Amino acid sequence: MTGQDGVGDARSRLLASDVARLGVSGLVARPTRAVLSALGIAIGIAAMIAVVGISTSSRAQLTATLDQLGTNLLTASQGTDFFGESVSLPLTAGASAGNVDGVESAATTGSVPDTGVYRNSRVPDGNTNGITLRTASPRLLEVLEAEVATGSWLTAGTAQYPVVVLGAEAAELLGVAEAGRHVVIADSEYVVAGILEPVPLAAEIDSSALVGEVAGESLAGEPVAPTTVYTRVDPERVEQVRELIAPTIQPRSPSDVEVTRPSDALAAKQAADQAFTGLLVGLGSVALLVGGIGVANTMVISVLERRREIGLRRALGATKPHIRRQFLAEALFLSALGGVAGVVLGTGVTAVFAVSKGWPVSIPPVVLAGGLAATLVIGALAGLWPAVRAARIPPTEALQS
Amino acid sequence: MSAVIELTGVTREYGRPPTTALDGVSLRVDHGEMVAVVGPSGSGKSTLLNVLGTLDRPTSGTVAVDGVDVATQSDAQLSALRAHRIGFVFQQFHLSDGVCATDNVADGLLYTGTPIRERRRRATEALHRVGLGHRLTHRPNQLSGGERQRVAIARAVVHRPPLLLADEPTGNLDSRAGEGIVALLHELHAEGTSIVVITHDVELARRLPRRVTIRDGRVADDSARASETATVSVGRPDLGAGS
């Protein structure tokens, strides 16, 4: 007889490509079920990626903003003394701050007390709309890196005359859209020379009307003391300079000067958002877990329904590991299907959200790869037990009707 | 002639307290033989087929396939035996509705490690062999019962096994389709395949060269009759006799 000695060496073999084919065909045979259980995984992954993606996009936006605004702006403001009284800065504060080693440029504003800015003379006194009149030193625009939206900044000439530059919000409140219009300050008409763009690092400027120091002095009847000193500092030496500014401005009571770094406030706000992101990622992982249970459930049902097919395969020569691999492959494909859909969905949601907010779209590739890897781990875990059960089904099952 | 499969004193019990499905069965099938196993339902026929096909192991007694004792073989080794040396035909066909006839037949080679192209080529060949060359791309639900059983037979013989085991192959078919299947089994036998057909159909059994009657888990009768086919079945050992 030929081939009789083949019993010993002919082995039962299942090619890897056939394992993949079996896994896919098992899903294709029941498409609705496959799609629904993959959907669970997809929603979990999409939620995770969207949460992380939106958070990183907003951080990318902040980084871009800080890069643009610079993190080397230090602000010194008048503080309050031991008794809660506000202590005004000396008139020379701007000049002394400018002399600190490491300060590249300095400028001041000083609020002019009890002086409202009105749209016209018919507006009753006191309806100031929260607009503060401030004097501005000539280099303020440069130090803040602020932009003029329309018109021009105060010049050495216009600073002496009844000329005003409005912050973005102040202009809107006064209904002034272009330079050349008039507003009323202390019963006199002032010409609006220009309107500023919003200044993110010094939001108080937005609600201010700015006049030259000479004009301010004539309004107040005396030189206006600076209330805030803005300094641009050598980026390498921000922390050292920060220590020096207060003692330089107020040598006798440095603690009465508040020195802040406005970019820190923006970063701190971002850090608060991070905590919230952690919570959302937690929720996303719960969704993913539920999705994984859905896959496990689908696989368990599939194994129960296919006892005869499993018996047939055993009769055709499948070993237990072959059956195990088939069902494991099916579970892996199922969750990978969900994973890919989830990555696409999550990326889409992030992109739409970020673009609608005007942020750059930023999703770390490691998050996408991690999302896919997570689905494979979930698929393997969810498929393991059903696959082991499938392999335990006795081959005689094929003959039972 | 050597035995393609040989059972010696095989007993199979199930459950607790044990029910005896096979009770000391000794049966030897030689290469090139065609045997009908007949018996009423519940007589232990299906258990016998499971044991013959190495799908089930006996509680006691020995089963040898090509002289190799099944008891010494691991699950993987028995799987290999089935993949290469045994073909199964079932009463309910067990075809996959989602794929065409060719791919159903190609599955008969799935666990031999044969690449898909070669599997399909040989499946096409096998379908021609069973007279279904014109039904290659049809799905099982587009085929008649007789045609489905032919597809199942093609799957069972696509790897050219020395032994074909058929469990009530005509059980779900009308008499004309059944005739065709019997004729096909005779053809395969003529080509050299050893065939064991399990059936409760005495008419069908009468037309096979050798009949083994099972009753209550025992071999009640094992008598041969003059062969109608070209292949002479000389192997007619006495029960339990070695060669």
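Rules behind the numbers
Residues numbered from 1 in each chain as written. Chains lettered and ligands numbered in written order. Predicted model: local features only at pLDDT ≥ 70, side-chain atom pairs only at ≥ 80, totals over all residues. Helix = DSSP H or I, 4+ residues; strand = E, 2+ residues; numbered from the N terminus. Rg over C-alpha atoms; globule rule 2.2 N^0.38 Å. Buried ≥ 20, exposed ≤ 12 C-beta atoms within 10 Å, placed from the backbone. Contact = placed C-beta atoms within 7 Å. Nonpolar A, V, L, I, M, F, W, Y, C, P; charged D, E, K, R; others polar. Pairing = 2+ DSSP bridges. Core = buried A, V, L, I, M, F, W, Y, C linked by C-beta atoms within 7 Å. pLDDT = per-residue confidence, 0-100. Arc of directions from axis to C-beta. Axes fitted to C-alpha atoms, helices over the stretch in contact; angles between N-to-C directions. Left-handed = near helix turned anticlockwise from the far one by under 90°.

This part covers the overall build of chain A. Along its length, chain A carries 13 helices and eleven strands. Relative to its length of 401 residues, chain A is extended, with a C-alpha radius of gyration of 35 Å against a globular reference of 21 Å. Its C-alpha atoms give chain A principal-axis dimensions of about 120 × 45 × 40 Å. Counting the 401 residues in chain A, one finds 42% classified as buried. Across chain A, the fraction of contacts at a sequence separation of at least 24, relative to all contacts at a separation of at least 6, is 84%.

Check the secondary structure of chain B and you find seven helices and ten strands. Its C-alpha radius of gyration of 17 Å places chain B within 12% of the 18 Å reference for a compact globule of 243 residues. The dimensions of chain B, computed from C-alpha atoms along their principal axes, are 45 × 40 × 35 Å. Out of the 243 residues in chain B, the part that is buried amounts to 52%. Once local pairs closer than 6 in sequence are excluded, the contacts in chain B between residues at least 24 apart make up 70%.

Moving on: the interface of chain A and chain B. Between chain A and chain B, the contact holds 27 residues from the first and 33 residues from the second. Every element with two or more residues in the side of chain A that touches chain B is listed here: α1 (6–9), α11 (307–315) and α12 (320–357) of chain A. No other element matches α11 of chain A, which puts four residues into the side of chain A that touches chain B. Each residue belonging to the side of chain A that touches chain B can be placed in one class, and the counts come to 13 nonpolar, eight polar and six charged.

The next subject is the pairing of strand β8 (residues 194–199) of chain B. All names here are of chain B. Of all six residues making up β8, six are buried, and the element is well covered by its neighbours. The alternating pattern of β8 places S194, V196 and I198 on one face and I195, V197 and T199 on the opposite face, and all of these are buried. Where strand β3 (residues 34–38) meets β8, five bridges bridge the pair, whose relative direction is parallel. Counted as the bridge partner of A36 is V197 from β8. Relative to β8, strand β7 (residues 163–167) is paired through five bridges, and the arrangement is parallel.

Turning our attention to the nonpolar core. Grouped together as the largest cluster of nonpolar side chains are 116 residues, with contacts concentrated most on V37, V105, A154, L164, L165 and V196 of chain B. The element best represented in this core is helix α3 (residues 31–69) of chain A, accounting for 14 residues. Core analysis: the next-biggest nonpolar cluster, separate from the first, contains 55 residues, L144, A159, L174 and Y230 of chain A among them.

We now examine unusual backbone geometry. All names here are of chain B. The linkage connecting R16 with the following residue, P17, adopts the cis geometry, with an omega of 0°. Of note, P17 is situated in the loop between β1 (3–14) and β2 (19–30). One non-glycine residue, R160, adopts positive backbone phi at about 50°. With respect to the helices and strands, R160 occurs in the loop between α5 (145–157) and β7. The class of R160 is partly exposed, set by 14 C-beta atoms lying within 10 Å. Here D216, not a glycine, exhibits a phi torsion of approximately 50°, which is positive.

A few words now on the confidence of the model for chain B. In low-pLDDT segments, the atomic positions of the prediction should not be examined closely. Summary statistics for chain B give a mean pLDDT of 87 and a share of 91% for residues scoring 70 or more. What the predictor reports for the complex is a pTM of 0.72 with an ipTM of 0.88.

Moving on, we come to helix α2 (residues 75–85) of chain B. With eight of its eleven residues buried, α2 of chain B lies for the most part within the structure. Those residues of α2 of chain B that fall on the buried side of the exposure criterion are L78, S79, A80, L81, R82, A83, H84 and R85 of chain B.

Moving on: the sheet that holds β1 of chain B. Residues and elements named next belong to chain B. The sheet built from four strands is open, its strands ordered β2-β1-β4-β5 with antiparallel pairing. Across the chains shown, the open sheet's two edge strands, defined by having one partner strand only, are β2 and β5 (68–69). Bridge count for strand β4 (residues 60–65) against β5 is two bridges, and the pairing is antiparallel. In the sheet register, A64 faces β5, and the bridge partner there is D69.

A word on helix α8 (residues 213–220) of chain A. Residues and elements named next belong to chain A. Of the residues making up α8, those classed as buried are E213, A215 and G216. Summarising the axial view, the buried residues of α8 lie within an arc of 155°, below the 170-degree limit, and thus occupy one face. In this structure, the buried side of α8 is in contact with β2 (103–111), β4 (132–136) and β9 (208–211). Positioned one or two residues after α8, G221 has a phi angle of 85°, which is positive.

What follows covers the packing of α3 of chain A against α12 of chain A. As a packed pair, α3 of chain A and α12 of chain A sit with axes 6 Å apart at the nearest point and diverge in direction by 35°. Crossing of α3 of chain A against α12 of chain A: the hand is right-handed.

Now for the environment of V38 of chain B. Residues and elements named next belong to chain B. Within the fold, V38 resides in strand β3. The class of V38 is buried, set by 23 C-beta atoms lying within 10 Å. Residues V38 and A220, 182 residues apart in the sequence, show an inter-C-alpha distance of 9.9 Å. Those residues in contact with V38, other than ones at most four positions away along the chain, are T199, H200, V202, A205, R211 and T213.

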